[in-house]
Structure formats: structure tokens, C-alpha cells
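Geometric and topological summary
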Amino acid sequence: GYRVSLQGNFFGRNHTYITFPEYNPCKHIKLDPPSNIQSNVTASKCQIWWSVPWYLVEILQYELQYKEYSMSWETALNKTPSSSLPQVEIEATELRSSITYIARVRCKVSENEDSYHSQWSEWSQTTVFQRPGVPKLSEKILNTRTMQLLFIPLSFGTLLYLFWNCKLSSSCFLTSGQKASPVLTFPHQLLSFSHSIICTTGILR
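Just so it is clear, the model here is predicted, and its values are computed rather than measured. (Residues numbered from 1 in each chain as written. Predicted model: local features only at pLDDT ≥ 70, side-chain atom pairs only at ≥ 80, totals over all residues. Heavy atoms only, no water.)

1. Some words on unusual backbone geometry
Glycine aside, residues mostly have negative phi angles, and peptide bonds mostly take the trans form. Using the following cut-off: Only runs of H or I of at least four residues qualify as helices and only runs of E of at least two qualify as strands under DSSP, and these elements are numbered from the N terminus. The rule is simple: take the accessible area with a 1.4 Å probe, protein chains only, and divide by the maximum for that residue type; under 20% is buried, over 50% is exposed, in between is partly exposed.
Despite not being glycine, asparagine 36 has its phi angle at roughly 55 degrees, a positive value. Assignment of secondary structure puts asparagine 36 in strand 4 (residues 35-41). The residue serine 98 is not glycine, and still its phi comes out positive at about 65 degrees. Within the secondary structure layout, serine 98 lies in the loop between strand 8 (87-91) and strand 9 (100-109). Relative accessible area serves as the criterion here: at 45%, serine 98 is assigned to the partly exposed category.

Quick look at the structure:
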């Protein structure tokens, strides 16, 4: 250890003041904050990681803070990693959908370390992340609705077209004196076609 003293000249006389009778630099360390903090969000969790000097990885502990981007740091939530690895995970259930979050981290020598002791470092730079929003309607439902909106008017338009052609054909056959039975059977085909359209619409629903 070391002895730290302060010497000064006051009113023409020298004075020595013992500031620290036993000073050990290893017990008074303040580290640089972690660097290169990054984040990645999936449907189930948010993973945040950062960098520290490789020779300090095994003796450090960390504290992570995260909050909604628009809120102050006084409202931030704290999270302590369970290991000395420079990373932490936040479950998706802890985050609100479609809300932007911001996080930062600081470090110090682990309290389980006997050879060194330090205070918390300054906070690191921040990383921003957002939990994806859950859509109110699935793509399948949206596609079904779209098919219904398109299929129904097209079907009725086809029916009207066939019905009009049926009337014209009936008039031509009756005028020329030919048999009307093939033409008169066409409305039955039309009704069958209408029935298949109604069934298809029911399936789409």
C-alpha cells in the first residue's frame, strides 16, 4: 500500500497532512464505461450486448437500465446480468408493443473479487430498440376479405352477362322457328352456376 499526504506552507510554516495512511490503488478503481452497445429484437426477447477489454471480462459485473424513449431516466428499469458475460436478455413480455425503448449499461469490478475494488463506471452510450407490434388482423383474414370483395361483384356481373345473352339467344331461336328446348334449359344451368357462387362465397367467409 501507499501513504498519501498533503503538504503545504501556511503563514510561513510547512505543514503535512496525512490524507490516506494506507492507500491501495487496486481498491480505488473507476473503469471506463462499456463501449459498442448494441441490441437485437425478436418476437420472444430483446438481446443487448456490449464490449469491454478482454482482460477484464471475468472480473466485471454490470447494471443495465432501459426505459421508454420518451420517458426520463428516473423511470428506468434496472436489470443485472446473472453472469459476467457482457450481454443481457429482456423478455418480450417486459416490453410494450410498438414502443421505442432506449438502454444503457455501466460496469464495475465484481464484489466477489478480492484483489480489486472499484466504483461504478459512467454510463455507456445508448442503444435504441423496439418490440414489433402485433397486427390486429392476420394476413389470412385480410386476404379472405379482399377475395370476397372482388369475387362477389364479379360473380354477379357474370350472371347478368349470361342472363342477357340467354334472353338474346332465346329471341333468336324463337324467331327463326327452331326448337327452344336447348335454350330454355340454359336458365337451369344459370341457376346451378348461381348456386356454386353462393357456396363459394360461404366458404370464403
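2. Some points on the nonpolar core
Operational definition: The nonpolar core is taken to be a set of buried Ala, Val, Leu, Ile, Met, Phe, Trp, Tyr and Cys residues, with the residues joined through side-chain atoms within 4.5 Å. The criterion used for residue contact is that any of the two residues' heavy atoms lie within 4.5 Å.
Ile48, Trp50, Leu60, Leu64, Tyr66, Ile90 and Phe129 are the most contacted members of the largest nonpolar core, which has 21 residues in total. Within the residue set of this core, elements represented by two or more residues are strand 5 (45-51), strand 6 (60-68), strand 8 and strand 9. At five residues, strand 9 tops the list of elements feeding residues into this core. Those residues in contact with leucine 60, other than ones at most four positions away along the chain, are Leu31, Val52, Ser84, Cys107, Lys108, Val109 and Ser110.

3. A word on the packing of aromatic side chains
Threshold: What counts as a ring pair is set by centres within 6.5 Å for rings of Phe, Tyr and Trp (its six-membered ring), and what kind of pair is set by the plane angle: stacked under 30 degrees, edge-to-face over 60, tilted for all other angles.
In total, this model carries four aromatic pairs according to the counting rule given. Ring geometry for tryptophan 50 versus tyrosine 62: centroids 5.2 Å apart, planes at 65 degrees, classification edge-to-face. Highlighted residues: tryptophan 50 in strand 5 and tyrosine 62 in strand 6, separated in sequence by twelve residues. As far as the burial class goes, tryptophan 50 and tyrosine 62 line up, both buried. With centroids separated by 6.4 Å and ring planes inclined at 55 degrees, the aromatic side chains of tyrosine 66 and tyrosine 101 adopt a geometry described as tilted. Placement of tyrosine 66 in strand 6 and of tyrosine 101 in strand 9 is noted, with a sequence separation of 35 residues between them. In terms of burial, tyrosine 66 and tyrosine 101 fall into one category: buried. Three or more aromatic residues joined by ring pairs make a cluster, and in this case those are Tyr66, Tyr101 and Phe129.

Just distances and angles here, no functional claims.
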